Amino acid sequence: MRRSRSSQLVAAILVNAVYEMKNYPINLVNTVLSPLSFLVVIDFVSRGALIGQAIEGGLIMSMFQSGMSLQGDISHLKNDFKLQDMLVSSPASPAAYVVGMAASEIIYNLPALAILIVLGAIYIHPGAFQALELTAALLLMFLTSITIGFMFATLSSDIVQSFAWSRLLTTVFTAITPVYYPITYIPYPFRYLAYLSPTTYVAEIMQNAAGYLQLSGNVLITDWAIISGLAAVLLVVVSRNARWKEV
Amino acid sequence: MDQLITNGLSKRYGQKTDALQDVTFSAPSSGIFALIGRNGAGKTTLVRILATELAPTSGSASINGIDVVKEDKKLRERIAIVPQEARTISWMTPKQSTLTYLMWRGFEYSEAKKRAEESLARLKLDKYADTLNRLLSGGTKRKALAAMVLASEADIIFLDEPTTGLDPISRKDFWVILRELAKDRFIFLTTHYLEEAEQLADTLGILGEGRLVAVGTVPSIRGRIRYQYSVKLPANSPVPGISQGEVTTGRNGEVQILTNEDEAFSISKRLSVAGARFSIGPVSLDDIFFQLVGESTHAEQEAATLGNEGGGSG
């Protein structure tokens, strides 16, 4: 029998995005509201001065949240429903499963992303090159968070802890770090701590692209190199160490 | 060629826990193979190894000539499993669950949809096809899981304790499904319901503490045990003298004599003459299980005791 890889991808999207959105809409509302609620608070507190940074922050949070949701969702399907065991003992491709699940997270986040992109077009109105720069930075953010999420998911055997980790990492890496506001608001030496988070580099690149931060060429190149390198290293680590089945 | 063969199959978790020890047997890979054993006997470990989910520590196994470790990808083309604690995904319906499971196996959407509908109808689940899984009864959820694997093209199906937690009526309904599944597939199921194994199994395997105690048809296993007949007497009945066999008393006071055929008929003749109430018949699978697993456990305890004594004196 000839097996369709695209069917395997679509299966993950149906299970983890389409059917969940359709049957449990409350989860979707929650996913949309998280990045938007911070945006509203930052906009209100800064009296509109930081609306652009906050929109970019919302986009970063939304992308990072996708990766962390992948962690919780894969763990949920694996530990609570034993779906992964059913798929291991079948012709399902591990790669198609992971890519399909990652795609499902983006699709699940589309409503939030759509709102943020519209707000970005209104308040940031980037040019074509800047839009390209913002998109590339967000995709690197997504790749990084997806690999972190997948690594945690394969190691996790407890769904309650998985969801707790998911929320904790999202808060630490997107709400505390300078994602919704410029890094210059953080006094030294705490600023160095912020550079422990991958989201800081993406935020710097995006804030620079939109003109909210003036970075030197060297700093900008360093930011791109760090986030690209981190995504590549995590991808290699995950592809070598993530477990599809027990051994 | 259509055989399930294991050779010295062992699985050790960590440094100390031997879940399976030197399991060697061959059995036809057709009809229903039922594996019975107490909790922790190693049933799930054996299923997971055969279903390519878990690598054995040592030994080998093959199904229809396909090695479960070296040719795992080839075998996965032909197998499907419902794990012990599998649950239907709460935010989906039986139809959506079956459809997506088939798509994960590589079926195109239209073919998967057609097969899902046929499978649900075959198991009389069509009226629940579009009901959310979380709203279904326990028995219907189990049937929905069976519908998923039934809809697939797999001809080797593993079901790990598929009826655990079901009420007796749902369990018997499920047996009908299993017989249906076994018409054109090989079903490897584990259970700790002896009645279930006796009703369904074409071939039976008995595991005791990680070791294979017996394998074969129920009559052939019955032929291997020491006492093949059972005489049962109501509580407070006088127990007749016996020359061979074992007498046990149940919690309700019922007396059971396990003995050989000649002695059983001799006892029954005496009881009939005395006008006593009793029943006589071949030993049940329960009796076989307790004789074999009890003996195996007892033999291991004795060996351990002797081993300890030997160590002390040395």
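Scroll up for the structure.
Residues numbered from 1 in each chain as written. Chains lettered and ligands numbered in written order. Predicted model: local features only at pLDDT ≥ 70, side-chain atom pairs only at ≥ 80, totals over all residues. Heavy atoms only, no water.

> Quick rundown of the overall build of chain A? Include the residues and the values.
On a plain count of helices and strands, chain A comes out with 10 helices and 0 strands. The order of α-helices and β-strands along chain A, N terminus first, is α-α-α-α-α-α-α-α-α-α. In terms of overall dimensions, chain A is globule-like: its C-alpha atoms have a radius of gyration of 18 Å, near the 18 Å expected for 247 residues. Reported as C-alpha extents along the three principal axes, the dimensions of chain A are approximately 55 × 35 × 35 Å. Residue burial in chain A is summarised as follows: out of 247 residues, 55% are buried. Long-range pairs, those at least 24 residues apart, make up 80% of the contacts in chain A between residues at least 6 apart in sequence. Carbon and sulfur atoms form 70% of the exposed surface of chain A, whose accessible area is close to 11,100 Å². Positive and negative side-chain charges in chain A, numbering 12 and 12 respectively, have mean positions lying 10 Å apart. (Helix = DSSP H or I, 4+ residues; strand = E, 2+ residues; numbered from the N terminus. Rg over C-alpha atoms; globule rule 2.2 N^0.38 Å. Buried < 20%, exposed > 50% of the residue type's maximum accessible area, 1.4 Å probe, protein only. Contact = heavy atoms within 4.5 Å. Areas by Shrake-Rupley, 256 points an atom, 1.4 Å probe, with all protein chains shown as cover. Lys, Arg positive; Asp, Glu negative; His and termini not counted. Charge placed at Lys NZ, Arg CZ, Asp CG, Glu CD.)

> Which residues make up the sheet that holds strand β13 (residues 255-259) of chain B, and what are the values?
Residue and element names in this part refer to chain B. If you trace the 4 strands from one edge of the open sheet to the other, you get β12-β13-β11-β14, paired in antiparallel fashion. Among the strands making up the open sheet, the edge pair consists of β12 (246-249) and β14 (279-282). Each strand axis lies, on average, 20° off the axis of its neighbour in the sheet, ignoring direction. Sheet analysis places strand β11 (residues 229-233) next to β13, joined by 5 bridges and oriented antiparallel. In the strand pairing of β13, Y229 is matched with T259. Sheet contacts for helix α9 (residues 261-273): β11, β13 and β14; angle to β11, the most-contacted strand, approximately 25°. (Pairing = 2+ DSSP bridges. Axes fitted to C-alpha atoms, helices over the stretch in contact; angles between N-to-C directions.)

> Any chance you could break down the interface of chain B and chain A for me, citing the residues and the numbers?
Across the boundary between the two partners, chain B contributes 39 residues, which contact 34 residues of chain A. Interface of chain B and chain A: buried area, both sides summed, is about 3,400 Å²; carbon and sulfur atoms make up 61% of it. Counting every contact that joins chain B to chain A gives 4 salt bridges. A salt bridge links D85 of chain A to R48 of chain B; its shortest N-O distance comes to 3.8 Å. At the surface where chain B touches chain A, the tally comes to 14 residue pairs in polar contact (both at pLDDT 80 or more). At the level of elements, α2 (72-76), β6 (79-82), α3 (94-104) and α5 (138-151) of chain B are the ones that each hand at least two residues to the side of chain B that touches chain A. (Buried area = accessible area lost by both parts, 1.4 Å probe. Salt bridge = Lys/Arg side-chain N within 4 Å of Asp/Glu carboxyl O. Polar contact = N/O pair within 3.5 Å; in protein donor to acceptor, adjacent residues only side chain to side chain.)

> An account of the packing of aromatic side chains is needed here, citing residue identities and associated values.
Where two aromatic rings form a pair, the distance of their centres and the angle of their planes describe that pair. Per the stated rule, a full pass over the model turns up 14 aromatic pairs over all chains. Taking 5.7 Å as the distance between ring centres and 45° as the angle between the ring planes, the aromatic pair formed by Y97 of chain A and W104 of chain B counts as tilted. Linking Y97 of chain A in helix α5 (residues 94-123) with W104 of chain B in helix α3, this pair reaches from one chain into another. Across this residue pair, the class does not change: Y97 of chain A and W104 of chain B are buried. Aromatic pair Y195 of chain A and Y201 of chain A: ring centres 5.6 Å apart, planes at 45°, arrangement tilted. On the accessibility criterion, Y195 of chain A (27% relative accessible area) is partly exposed. By the ring-pair criterion, three or more aromatic residues cluster together here, those being F25, F33, F158 and F188 of chain B. (Phe/Tyr/Trp six-rings, centres within 6.5 Å; stacked < 30°, edge-to-face > 60°.)

> So what's going on with the packing of helix α6 (residues 128-155) of chain A against helix α10 (residues 217-241) of chain A? Residues and values would help.
Residues and elements named next belong to chain A. Two elements in contact, α6 and α10, have axes whose closest approach is 9 Å; the angle formed by their N-to-C orientations is 30°. Classified by the interaxial angle, the pair formed by α6 and α10 is roughly parallel. Once α6 is placed against α10, the crossing between them reads as left-handed. Packed against α6, whose contacting residues are E133, A136, A137, L140, L143, T144, T147, I148, F150 and M151, the element α10 presents L220, W224, I227, S228, L230, A231, L234, L235, V237, V238 and N241 at the interface. (Parallel < 35°, antiparallel > 145°, perpendicular 65-115°, else oblique. Left-handed = near helix turned anticlockwise from the far one by under 90°.)

> A description of the pairing of strand β3 (residues 31-36) of chain B should follow, citing residues and the corresponding values.
Residues and elements named next belong to chain B. Here β3 lies mainly inside the structure; 6 of its 6 residues are buried. Summarising the sheet, β3 and strand β8 (residues 186-191) pair through 6 bridges and their orientation is parallel. Paired with A34 across the strands is L189, a residue of β8. Summarising the sheet, β3 and strand β9 (residues 203-208) pair through 4 bridges and their orientation is parallel. Of the residues in β9, the one forming a bridge with A34 is L204.

> Tell me about the sheet that holds strand β7 (residues 156-160) of chain B, and please be specific about residues and values.
All names here are of chain B. As summarised here, the arrangement of the 6 strands in space is β6-β7-β8-β3-β9-β10, forming an open sheet in which the pairing is mixed. The sheet is open, and its two borders are formed by β6 and β10 (211-216), each paired with just one other strand. Along the sheet, successive strands turn relative to each other by an average axial angle of 15°, direction set aside. α5 contacts β6 and β7 of the sheet and is inclined by roughly 170° relative to β6.

> I'd like to hear about α10 of chain A, residue by residue, with values.
Residue and element names in this part refer to chain A. Here α10 contains 25 residues, and its C-alpha end-to-end distance of 36 Å stays within 8% of the 36 Å for a straight helix at 1.5 Å per residue. Along α10, the residues classified as buried are L220, D223, I227, A231, L234 and V238. Against the buried residues of α10 lie α6 and α9 (198-209). (Expected span 1.5 Å × (residues − 1).)

The values reported here are purely geometric and, on their own, carry no functional implication.
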